[in-house]
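Residue strings, one per chain:
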Amino acid sequence: MTDLAAIPVSQRKPDLSEAQLRRRYRAEARFRLYGVAAILFAVGILALLLGSIVSTGFSAFTQTEIALDIELDPATIDPAGARDPDVLASANYRKIVRAGLTELFPDVSGRRTKRDLNRLISSGADLTLRDRVLANPSIIGTTLRIWVKSSADIDSFNKGQIPRDVVEADRRVKDNQITWFDALAADDRVRRSFNTTLFTAGDSREPEQAGIWGAAVGSFLTLIVTLALSFPVGVMAAVYLEAFAPKNRWTDLIEVNINNLAAVPSIVFGLLGLAVFLNFFGLPRSAPVVGGTVLALMTLPTIIIAGRAALNAVPPSIREAALAMGASPLQAITHHVLPLAMPGILTGTIIGMARALGETAPLLMIGMVAFIVDIPRTFTDPATVLPVQVFLWADAPERAFVEKTSAAILVLLAFLIAMNLAAVILRKKFERRW
Amino acid sequence: MYLKTFTLAAAVTLAALTVTMGGAAEARDQIRIVGSSTVFPFSTSVAEQFGKTTKFKTPVVESTGSGGGMKLFCSGVGEEHPDVTNSSRRIKKSEFDKCTANGIGITEVKIGFDGIVLGSSKAGPDLDLTLSQVFLALAARVPVDGKLVDNPHKMWSDIDPTLPKQKIEVLGPPPTSGTRDAFVEIAMEGGCEGVAGAKELGLEKKACHIIREDGAFVEAGENDNLIVQKLESNPNAVGIFGFSFLDQNADKMKGAHINGVPAEFEEIADGNYPVSRSLYFYVKQQHVGVIPGIKEFISEFTSEDAWGEDGYLLDKGLIPLSDADRDATIKAATGLQSLSM
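Keep in mind that this is a model prediction, so the values were computed, not measured. Numbers given for residues are sequential positions, taken from 1 along each chain in its written order. Chains carry letters and ligands carry numbers; both start at the beginning, A for chains and 1 for ligands, and go up in the order they are written. In keeping with the model being predicted, local features are shown solely for residues with a pLDDT of at least 70 and side-chain atom pairs are shown and tallied solely at 80 or more, while totals for entire chains, interfaces and linings include all residues. As a rule here, side-chain values cover all heavy atoms of the structure and leave hydrogens and water aside.

### Things to note about unusual backbone geometry
Next up, step 1: With phi around 60°, S286 of chain A is a residue other than glycine that occupies positive phi space.
Next up, step 2: Each helix corresponds to a stretch of at least 4 residues labelled H or I by DSSP, and each strand to a stretch of at least 2 residues labelled E; elements are numbered beginning at the N terminus. Within the secondary structure, S286 of chain A is located in the loop between α12 (266-280) and α13 (288-313).
Next up, step 3: Among the residues examined, S286 of chain A registers a relative accessible area of 0% and is labelled buried.
Next up, step 4: The phi angle at N259 of chain B is positive, at roughly 50°, despite the residue not being glycine.
Next up, step 5: Here N259 of chain B shows up in the loop between β12 (257-258) and α10 (265-269). The buried label applies to any residue whose accessible area, calculated with a 1.4 Å probe on protein chains only, is under 20% of its type's maximum; exposed applies above 50%, and partly exposed to all values in between.

Structural data, given as structure tokens:
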């Protein structure tokens, strides 16, 4: 056996000894383990995040309701008997609802105790009743069993979020309210049903009446404006830069600027929006048209970069073949290159839109972080967006908004997942590989 | 073909946008409110009730902070500027001057009080502090043996042996917050006055406002809910937040007694609890009658249903003015009395 040190380095043979081989296998196994550990860590964090949101937010999808036998007295609702909608709308339904509640507990007396009793049900219960009557005036004069929403505190209590076993003074729900609630429950007058209000109402200060529909519509209107502005402009810019622009110092400068713009913090676009759209052009505050424009500026670089990459990925032979067959450069681009690049452009656009959907910072400056009850209908109505709604609810002192916040996050996540899924499907379906 | 549809779509969207932007030129028929995040829960409650019970649209309420609200409010007359601003402190002379210079007449409405509490988890020890002790616990520099030194107090018991043997760990809002402003002005400045030898060392007024930065005071963000959650998981820490958050979380949190007074609704209302501040909203007189519903909004805010003994604002944590003060405020507010400084 020759001494290893005696051989010149250039002639050294690979060490094929058992020990070295084992070490190499071990190194490889370790490397794989690190990879698996990294993935497990990421998945674990994601699961933790989702788990905590789902576990707190899940209960918000149900709402405690209390059944009341309500006598729809014609003398209170419609004294004239003409069934005039204006009269029906302005009747004192609060009194009728409260009468229904007092009927169940006739021996409750005293102003304060009565107030405690009335707090079992939501302050919006009279509106529920009013809508029922307006939808079907023929129920006037009958006695109906109507399920009305409980107040947010009772709802939290029913869901176990307010414990029974603490001192009365430290509880939002008082002892007498618990007694009444238990009596109602024993009488089968309590149920938990799906919370439709959460998906149909605008914002409210009363947690049980608050919904995300207003914010969802606001997000929708804002994104339409964003898409309408950033997609055509982005695609045109990408096509021109990729196919027509001469390669010189100016286009290089533009390219560098576009790439830089993609990395600018979003709040800067908000400040720009405040200075230009609100102060200079005098557009209304809190309007989706302004929010959408600001977000369009933010999304534009993303679309241009994705668009250029997609156009670049189309093989030059396609274009050259078109030109060789006598197509004009414009025809070559619009008939052949652009359609082939479209799936890639659309993917980039959807990802840019998803980012715009989750943005709050630039909207702060233009007044879209606001309490807005009415559901927006046009692009200039005051509106807010989903992530802002999450932010506002997270800031509200009422305990019941905690679960609402998580529920709103879940809805926002659902939208984002749907958008990203659409991007994946588009890519899978239309993407061509050469 | 492809290009044609593309240009068409672009033209249609552009046209649509122009139309909607043109629509913005119509007069505003909705009250716009900006200002303090502390007044926000009350202002929004009134706005919602106002929208439900009157024929007017629900006002839009933005939470911009007291200072930010004043800036927007005082920037001019006209429908692009807000009609009402909320504030968790009184308007400053400089802000008033700016408003006047821009031709704005202001009506001031004081709506009630807000207490600032030093809350901690139910599992932690009870705290009974004087304002001076609060100052000694949180100031950046305190007088020791006639000299001004960096705050040496690590435990509450270092300040006074009767206090619990527990690390000083206070979570509070950042300097941008109105709660922080009020806290340093009332608690820190008030506490400073009671500390022997502080004045001689130049510790008075603004000099008392400086809070220590050695880790005993943690800036926990503007969100009071977050502070409450952090206190829950750390029973030894104390948090600075608004009374309404203590009220909503009374099953988990307790407030420290200040100068022997518990942080309770009645004590704050009676003015016995030392760390409380007044809340206001300001109305732009030039907009009354131009933007519909402003007068009615003031009436709703100052109605017995809202801010009275059993009003819905009290459920939201507002601490009301005394009966006499309420009557006087209603007169001044509905008469649109001008503020002068």
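On we go from here.
### Some points on the environment of P59 of chain B
All names here are of chain B.
Next up, step 1: Along the polypeptide, P59 turns up in the loop between α2 (40-53) and β2 (60-62).
Next up, step 2: Looking at P59, the relative accessible area reads 0%, which means it is buried.
Next up, step 3: Sequence-wise, P59 and Q30 are 29 residues apart; in three dimensions their C-alpha atoms are separated by 5.6 Å.

### Details of the pairing of strand β6 (residues 141-144) of chain B
Residue and element names in this part refer to chain B.
Next up, step 1: The pairing of β6 with strand β7 (residues 147-150) spans four bridges and is antiparallel. Across the sheet, V144 pairs through a bridge with K147, a residue of β7.
Next up, step 2: Adjacent in sequence and paired antiparallel, β6 and β7 are bridged by two residues, among which D145 carries a positive phi angle near 50°. Whether two strands pair depends on DSSP finding at least two bridges between them.

### Some thoughts on the interface of chain A and chain B
Next up, step 1: The contact criterion used is simple: two residues touch if any of their non-hydrogen atoms lie within 4.5 Å. The interface is formed by 47 residues belonging to chain A together with 39 residues belonging to chain B.
Next up, step 2: Note on definitions: buried area is the accessible-area loss of two parts on being combined, 1.4 Å probe, summed for both. Of all residues in chain A, F371, P397 and R399 of chain A give up the largest surface area on contact with chain B, accounting jointly for 16% of the area buried on that side.
Next up, step 3: The salt bridge criterion pairs a side-chain nitrogen of Lys or Arg with a carboxyl oxygen of Asp or Glu, the two atoms within 4 Å. Scanning the region where chain A abuts chain B turns up seven salt bridges.
Next up, step 4: Residue D251 of chain B is joined to R399 of chain A by a salt bridge in which the shortest nitrogen-to-oxygen separation is 2.5 Å.

### Some points on the domain arrangement of chain B
Residue and element names in this part refer to chain B.
Next up, step 1: Where each domain starts and ends follows an automatic or database-derived domain assignment. For chain B, the assigned domains are domain 1 (29-113 + 278-334) and domain 2 (115-276).
Next up, step 2: Spacing between the C-alpha centres of domain 1 and domain 2 amounts to 30 Å.
Next up, step 3: In this assembly, ten residues from domain 1 lie in contact with nine residues from domain 2.
Next up, step 4: Summing both partners gives a buried area of about 720 Å² for domain 1 against domain 2, and 60% of it is carried by carbon and sulfur.
Next up, step 5: Broken down residue by residue, the surface that domain 1 buries against domain 2 is led by F113, G317 and I319, which jointly contribute 53%.

### Regarding the state of the cysteines
All names here are of chain B.
Next up, step 1: Here, the term disulfide refers to a pair of cysteine sulfur atoms separated by no more than 2.5 Å. A full pass over the atoms with the stated rule returns two disulfides over all chains.
Next up, step 2: Shown here is the disulfide that connects C74 with C99, its sulfur atoms set 2.1 Å apart. Classification of the bridge connecting C74 and C99 rests on its S-S torsion, roughly -85°, and on that basis the disulfide is left-handed. Highlighted residues: C74 in the loop between α3 (66-73) and β3 (84-87) and C99 in helix α4 (residues 93-101), separated in sequence by 25 residues.
Next up, step 3: We classify C74 as buried; its relative accessible area is 1%.
Next up, step 4: Taking relative accessible area as the criterion, C99 reaches 0% and is therefore assigned buried.
Next up, step 5: Covalent S-S linkage joins C192 and C208, the inter-sulfur distance amounting to 2.0 Å. Around the S-S axis, the bridge from C192 to C208 shows a dihedral of about -60° and counts as left-handed. Placement of the pair is C192 in helix α7 (residues 178-193) and C208 in the loop between α7 and β9 (217-219), with a sequence separation of 16 residues. Taken individually, C192 and C208 each receive the classification buried, so the pair is uniform in this respect.
Next up, step 6: Here the bonded cysteines of chain B are numbered in sequence order, and their pairing is 1-2, 3-4.

### Here's the deal with the sheet that holds strand β3 (residues 190-194) of chain A
All names here are of chain A.
Next up, step 1: Taken in spatial order, the three strands of this open sheet run β2-β1-β3, and their pairing is antiparallel. Looking along the sheet, the strands with just one partner apiece sit at the ends: β2 (143-149) and β3. Adjacent strand axes in the sheet meet at a mean angle of 40° when their direction is disregarded.
Next up, step 2: Bridge analysis of strand β1 (residues 62-71) against β2 gives seven bridges, and the strand direction is antiparallel. Residue pairing in the sheet places I66 in a bridge with V148 of β2. To obtain an axis, a line is fitted to C-alpha atoms, over the contacting stretch when the element is a helix, and the angle between two such axes runs from 0 to 180 degrees between their N-to-C directions.

### Concerning the packing of aromatic side chains
Next up, step 1: Pairs were defined over the aromatic rings of Phe, Tyr and Trp, the Trp ring being its six-membered one, requiring ring centres within 6.5 Å. Orientation was assigned from the angle between planes: stacked under 30 degrees, edge-to-face over 60, tilted for the rest. Evaluation of the coordinates by the stated rule reveals 14 aromatic pairs over all chains.
Next up, step 2: Ring geometry for F58 of chain A against F61 of chain A: centres 6.4 Å apart, planes inclined by 70°, an arrangement best described as edge-to-face.
Next up, step 3: A centroid spacing of 4.6 Å and a plane angle of 25° characterise the contact between F281 of chain B and F301 of chain B, whose relative ring orientation is stacked. You can see F281 of chain B sitting in strand β13 (residues 276-284) and its partner F301 of chain B sitting in helix α11 (residues 294-301), a full 20 residues away along the chain.
Next up, step 4: In this structure F281 of chain B comes out as buried when scored by relative accessible area, which is 0%.
Next up, step 5: Three or more aromatic residues joined by ring pairs make a cluster, and in this case those are F50, F56, F281, F297 and F301 of chain B.
Next up, step 6: Only lysine NZ and arginine CZ atoms are considered, and such an atom sits over a ring when it is within 6 Å of the ring centre and within 35 degrees of the ring normal. Here the guanidinium or amino end of K284 of chain B rests over the ring plane of F73 of chain B, the centre of that ring lying 5.0 Å away.

### Some remarks on the pairing of strand β4 (residues 106-121) of chain B
All names here are of chain B.
Next up, step 1: Of all 16 residues in β4, 15 are buried; the element is thus mostly enclosed.
Next up, step 2: Note that β4 and strand β10 (residues 238-242) share five bridges and pair antiparallel. Paired with I116 across the two strands is G242, which belongs to β10.
Next up, step 3: Note that β4 and strand β11 (residues 253-255) share three bridges and pair antiparallel. Its bridge partner being in β11, S121 is matched across the sheet by M253.

### Side note on a nonpolar patch on the surface
Next up, step 1: Residues enter a patch when their relative accessible area is above 30% and they make no salt bridge; the linking distance is 9 Å between like charges and 5 Å between nonpolar side chains (Val, Leu, Ile, Met, Phe, Trp, Tyr). In short, Shrake-Rupley with a 1.4 Å probe defines the accessible areas, and a residue's cover is counted only from the protein chains shown. A cluster of nonpolar residues, L46, L49, L50, V54 and F58 of chain A, forms a patch on the protein surface that exposes about 470 Å² of accessible area.
Next up, step 2: By the element assignment, V54 of chain A lies in helix α1 (residues 18-57).

### Some thoughts on the domain arrangement of chain A
The accessible area lost on association of the parts is a frequent measure of interface size.
Residue and element names in this part refer to chain A.
Next up, step 1: The domain boundaries assigned to chain A delineate domain 1 (62-195) and domain 2 (213-430).
Next up, step 2: One C-alpha centre belongs to domain 1, the other to domain 2, and the line joining them spans 46 Å.
Next up, step 3: On the side of domain 2, four residues touch domain 1, which itself brings seven residues to the contact.
Next up, step 4: When domain 1 packs against domain 2, close to 380 Å² is buried across both sides, 35% of that on carbon and sulfur atoms.
Next up, step 5: When residues of domain 1 are sorted by the area they lose upon contact with domain 2, S156, K159 and Q161 head the list and together hold 56% of the total.
Next up, step 6: Counting across the interface, domain 1 meets domain 2 through one salt bridge.

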